[in-house]
Amino acid sequence: MLEKALTGSKKYWAWIIFLLVVIAVGFMAYLRQFSYGLGLTGMSRDVSWGLYIAQFTFLVGVAASAVMLVTPYYLHDFKKFGRMVIFGEFLAVSAVIMCILFIFVDVGQPMRILNVLLYPQLHSVMFYDMCVLCGYLAINIIVGWTSLGAERKGVHPPKWVHFLVYLSVPWAFSIHTVTAFLYAGLPGRHFWLTAIMAARFLASAFAAGPSLLIILLLIVQKVSKFDPDPPGVGAIQSLVKIIRYAMIANVFFYICEVFTAFYSGIPDEMAAFKYVFVGLDGHHSLVPFMWTATFLAFLGIALLIFPTRKNKVLLPIALLSIFFANWIDKGVVLIIAGFVPNSFDRVTEYFPTSNEISIVLGVYAIGFLLLTVLYKVAISVREEQAQ
Amino acid sequence: MYKGGKIIASLIIFVAILASPFFFNMGKANAGPDLPTYASSANLQQCVEPAEYMKEYHMQLLNQWRNADVREGKTVYINSQGKSFDISLETCVECHSTQATKNTVGVNNPALKTSDQFCVSCHNYASVKPTCWSCHSGPEGAKQ
Amino acid sequence: MSINRRQFLRRAGMVTALGLGGSFVINAVETAAEYEPSKQGLVAKHWAMVVDMSKFKTEDDFKRVIQSCVSIHNIPDFGNPKDEIKWIWSDDYEHTFSGGDNEYLTDDFKKLPFMVACNHCENPPCVKACPTGATFKRDDGIVDMDFHRCIGCRFCMGACPFGARSFNYRDPRPFIKKIDPDYPTRTPGVVEKCIFCVERLADGLMPACVEASNGGLIFGDLDDPNSEVRKLVSTKFTIRRKTELGTQPSVYYLVGGAKNA
């Protein structure tokens, strides 16, 4: 079926070539980093995780969000999502691969990365993270590819696919919970040491992932003959409902955190929140990001509550707002603010370097390339079937 | 076979290109590693284990040494003949180095041929680059 | 021969798996060899350190202690705080013992210097976090580093509540004043920290900083009721950093230290 990705319009190839150029630039940047060391990034002794791990954290959420389509469709027979599920699964595949790549570019000795499997430490959350991520990748590739292949032949997928689908539901929750546990179990980082971390991760994932998915599906509607949400089905609007409540939950959880921090008045609890909202000790590089995210979050929720959610222009704006609000929250602020203030109550700020950003863009380009290829295959199969 | 002629022809060309280095070097004598000619002196020291064993398993032994010293805190190795050795690369350097005072083997030395990098004479020949020296200090005078 | 793509791939996969599987059958011949700890090595059940800041009177006292560690462990000086690597250093009271600000404390007190290094906790969160076991707790209580196994994920750096760990963000070798050949340097991409001089303990020596401190740093076995550290810790008033986190640090700071021997 992969050969279907080798034929396409001029616009398709222009997009592919653009992605390949970004990947090439990112790859060159990575070679520089590989030879010099991670000092080429903005990370320091105090802020030892930066953009790479932040993108990983955000994308695990996007990957987990496929479960928001799988659960209603497979477990509750919600037929409306039928034409969309494959796109959710393929988005998950692309997101998980980006996660793995972000870990790879972040690690100081990538050639030794198999040590995690050769010398497994059962007390380390990171070991479990590697296992569940690889497992989730395998599940989604197998389920997606097999069901698409079966569809192409006009038959039902084999019975064992159902077992894997049912497995993917708790597994999706687990990948993001385990990732949250990476942070929520560290005694010295008060910004992260909160029970609500896993819940917040899941809520923000279930808002951001499906938002991205709908944007992608709107693009699919525009560029292909296949319509994942034919008029009258209302699949996208059903998914919008899920996004709306997930985002409301996410914002509510955040407000809970802010309340605990500031009503208790404990300095260690408040410090990082102060840093991101108003600045700490004269350092305020994250403040504009945080307020933008706050604004976008409320804008997105408002647009999705009111009938504006049915508007052809305002719906994408709402979804992009929600997506970027979550991206800023997890992919920019969360990781960096965890290290502020440091263990000695001092503030060290983090500024990514251009080399670092090139690598980040390169990895995103790889993810989008994979996504494009997989979507092209799915669309082509469906267009074929429609004839 | 569909388009069989072209496939088989391409395969043959591919294998030929792959095997071309072997053809270029056929018939040429290739000097082995410059190993020392041992003087048959009674002073001859044995390495940590007999030479035949070391030739084959020195890397496995070094890995075991590494785990025992770093992870288990066991810094002494008792060899198959009951002799004790300090677990350290310096135990190797004591003999396998032109600067070594214990070097009774003569000028020609298995490890340091041109002082380019320790262990070079055999490892260059085998084209296996040891990564030890990015951290561990080699013998004095050897370029790292 | 008519074979379709799927059959071909399946057969090729099986042959590859057989080939790879066969390659794992190589066994190293085990000789009758043994490993044992060195006879002159110092042993303990729980190594700990007591810091008596009253013995650190001049600038030189601090420099000497820090330099003793830097020189024998090939610690590089990058000249910038971003890439900085430090195993033992000094910081002031206000920042070392953070949490619980006393606004009426005079600046003199707030700025009092304290020697700071890895606390070799009894419940080390860094060891819990490490996915490869590159940092591990020895039987004698020391939290050690295996630089060979570290993949540089820096999870341990996030886990440490005391900021004791440094990462090699670039090649350290050009920045080491004088390489001591008796101890390795590190490669870029691994984490490092104070290791209570395990290599010196194996040779029967006290840690370098302890030796250089002229009584400012007292080192011994907390488990031994006759050791100086045990006596100090059980009879004098000491504080440790961030005890509310439950990591049980093994570095104790004497309060009003001048009265000890």
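Scoring rules and cut-offs
- Residues numbered from 1 in each chain as written.
- Chains lettered and ligands numbered in written order.
- Predicted model: local features only at pLDDT ≥ 70, side-chain atom pairs only at ≥ 80, totals over all residues.
- Helix = DSSP H or I, 4+ residues; strand = E, 2+ residues; numbered from the N terminus.
- Buried ≥ 20, exposed ≤ 12 C-beta atoms within 10 Å, placed from the backbone.
- Contact = placed C-beta atoms within 7 Å.
- Pairing = 2+ DSSP bridges.
- Axes fitted to C-alpha atoms, helices over the stretch in contact; angles between N-to-C directions.

1. Observations concerning the overall build of chain B
Thought 1: If you tally the helices and strands in chain B, you get 4 helices and 2 strands.
Thought 2: Beginning at the N terminus, the succession of helices and strands in chain B can be written as α-α-β-β-α-α.
Thought 3: Residues counted as buried form 18% of the 144 residues belonging to chain B.
Thought 4: Within chain B, counting contacts between residues at least 6 apart in sequence, those at least 24 apart form 44% of the total.

2. Digging into the arrangement of the chains
Thought 1: For the 2 pairs of chains in contact, the maximum contact count is reached by chains A and C.
Thought 2: Across the gap from chain A to chain B, with no contact made, the nearest C-alpha atoms are 12 Å apart.

3. A few points about the sheet that holds strand β2 (residues 84-86) of chain B
Thought 1: The strand order across the open sheet built from 3 strands is β2(B)-β1(B)-β1(C), with neighbouring strands paired in antiparallel fashion. Strands at the two margins of the open sheet, each flanked by one partner only, are β2 of chain B together with β1 (34-36) of chain C. Across this sheet, the average inter-strand angle for adjacent strands is 30°, counted without regard to direction.
Thought 2: As judged from the 3 bridges shared by strand β1 (residues 76-78) of chain B and β2 of chain B, these two strands associate in the antiparallel manner. Looking at the pairing, valine 76 of chain B lines up with aspartate 86 of chain B of β2 of chain B.

4. Topic: the sheet that holds strand β9 (residues 217-221) of chain C
Residues and elements named next belong to chain C.
Thought 1: If you trace the 4 strands from one edge of the open sheet to the other, you get β9-β2-β11-β10, paired in mixed fashion. If you trace the sheet from one side to the other, it starts and ends with β9 and β10 (238-239), each paired once.
Thought 2: As paired strands, strand β2 (residues 47-51) and strand β11 (residues 251-254) are joined by 3 bridges and run parallel to one another. Following the sheet pairing, methionine 49 is matched in β11 by valine 251.
Thought 3: Most of the contacts of helix α9 (residues 228-235) go to β9, to which it runs at about 105°, and overall it touches β2, β9, β10 and β11.

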